[in-house]
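Each chain, written out:
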Amino acid sequence: MPSEQGTGAPAALAVVLALSALSAGVGYLLAARRLRRRGDAWPRLRDVSFTTGQAGLAVVALAPMPGGEFTAHMVQHLVIGMAAPLLLVLGRPVSLALRALPAGPARRGLRAVVRSRTIRRLVVPPVAAVLDVGGLWLLYRTRLFAHLHDQPWVHAAVYAHVLAAGLLFSLAICQVDPVRHRYGLPLRAATLVAAATAHSVLAKTLYSTSPPGTAFTGHDLARAAEAMYYGGDVVEFALAAVLARQWYAVTGRNLSGSCDGPRDGPREKKTGWVGARAAEQA
């Protein structure tokens, strides 16, 4: 968060954040190269996704954002809390780490964390949505945002929560990395719709009403609200596209199986039933 902005954290903290993001990106690329050198496949598109997300975090940490004070903050929010988390999750860093780490304590420890009860509870889609969007309502509809101006370390903690909550939400919706329990597409889709609605309503309230304890200009407030509304739509449509692709991968396979003709034994009935249901849903 650049110090030039009124609500920015200290320059030293911004540099630390940028270096951490860039270091994580380099570490990811080295791990991916290690996989490919030993003959394992790892799509380069995942490299692009993860490194783009980390580069976005570095840019918003160091570079001044366009627009007024609140608009600049909102652009940071969109990158840190929505766009970057989705790009990072689509890079599947946990899967990469589990495959790249040698057998030993580090890999066992990471696997234990991923399968822990705490992570399992945090990635329940409705829980992740409340932590993510609920945190934004708390930030913008209470006096918490007003306190960030003169308390940069509180500001840094809030941004850390925004990033962590965004990562949890993207992971809970996409579920592309290994988790202890995978939730069905209907629950994840319904959660995404509910979270997107809550996010849009919050953006509309900011269009006319500044966060309590602040006095941003009307133009700055309107531009920030528009950035939150339309920028949020873009990321939410991207999440919906991920779900649609997963749905098609499942139903398309079932439809293909039902069109291949009769099969032996009980499996024929099961495949045909699933295929018929999928055809009805399509």
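Quick summary incoming for the structure in this document. In this text, all values refer to a predicted model and were calculated from it rather than measured experimentally. (Residues numbered from 1 in each chain as written. Predicted model: local features only at pLDDT ≥ 70, side-chain atom pairs only at ≥ 80, totals over all residues. Heavy atoms only, no water.)

In this section: the packing of helix 9 (residues 152-174) against helix 10 (residues 185-208). Between two packed helices, both the angle of their axes relative to each other and the distance between the axes serve to describe the pair. The interhelical angle for the contact between helix 9 and helix 10, taken along N-to-C directions, is 140 degrees, at an axis separation of 9 Å. Seen from helix 9, the contacting residues are Phe169, Ala172, Ile173 and Cys174; seen from helix 10, they are Arg188, Thr191, Leu192 and Ala195. Each residue belonging to the contact of helix 9 with helix 10 can be placed in one class, and the counts come to six nonpolar, one polar and one charged. (Axes fitted to C-alpha atoms, helices over the stretch in contact; angles between N-to-C directions. Helix = DSSP H or I, 4+ residues; strand = E, 2+ residues; numbered from the N terminus. Contact = heavy atoms within 4.5 Å. Nonpolar A, V, L, I, M, F, W, Y, C, P; charged D, E, K, R; others polar.)

A surface patch of like charges, here positive, comprises Arg117, Arg120, Arg121 and Arg180. Mapped onto the elements of the fold, Arg117 is located in helix 6 (residues 117-122). (Patch = residues over 30% accessible without salt bridge, like charges linked within 9 Å, V, L, I, M, F, W, Y side chains within 5 Å. Areas by Shrake-Rupley, 256 points an atom, 1.4 Å probe, with all protein chains shown as cover. Salt bridge = Lys/Arg side-chain N within 4 Å of Asp/Glu carboxyl O. Lys, Arg positive; Asp, Glu negative; His and termini not counted. Charge placed at Lys NZ, Arg CZ, Asp CG, Glu CD.)

Glancing now at the packing of aromatic side chains. In the structure shown here, the tally under the stated rule is seven aromatic pairs. Ring geometry for Tyr28 against Phe50: centres 4.3 Å apart, planes inclined by 10 degrees, an arrangement best described as stacked. Taken as a pair, Tyr28 in helix 1 (residues 11-37) and Phe50 in helix 2 (residues 44-62) lie far apart in primary sequence, 22 residues in all. Assessed through its relative accessible area of 7%, Phe50 is described here as buried. With a centroid separation of 5.5 Å and 75 degrees between ring planes, the pair formed by Phe70 and Phe145 is classed as edge-to-face. With Phe70 in helix 3 (residues 69-90) and Phe145 in helix 8 (residues 144-147), the pair connects residues that are 75 residues apart, well separated along the chain. The pair Phe70 / Phe145 is uniform in exposure class, with both members buried. (Phe/Tyr/Trp six-rings, centres within 6.5 Å; stacked < 30°, edge-to-face > 60°. Buried < 20%, exposed > 50% of the residue type's maximum accessible area, 1.4 Å probe, protein only.)

Counting across every chain of the model gives three salt bridges. For Arg38, the salt bridge is made with Asp40, and the minimal N-O distance between the two is 2.7 Å. Residue class for Arg38 comes out partly exposed when judged on its relative accessible area of 44%. What makes Asp40 partly exposed here is its relative accessible area of 26%. Among the salt bridges present, the one from Glu226 reaches Arg223, with a minimum N-O distance of 2.8 Å. Placement of both Glu226 and Arg223 in helix 11 (residues 218-258) is noted, with a separation of three residues, approximately one turn of the helix. For Glu226, a relative accessible area of 28% corresponds to the partly exposed category.

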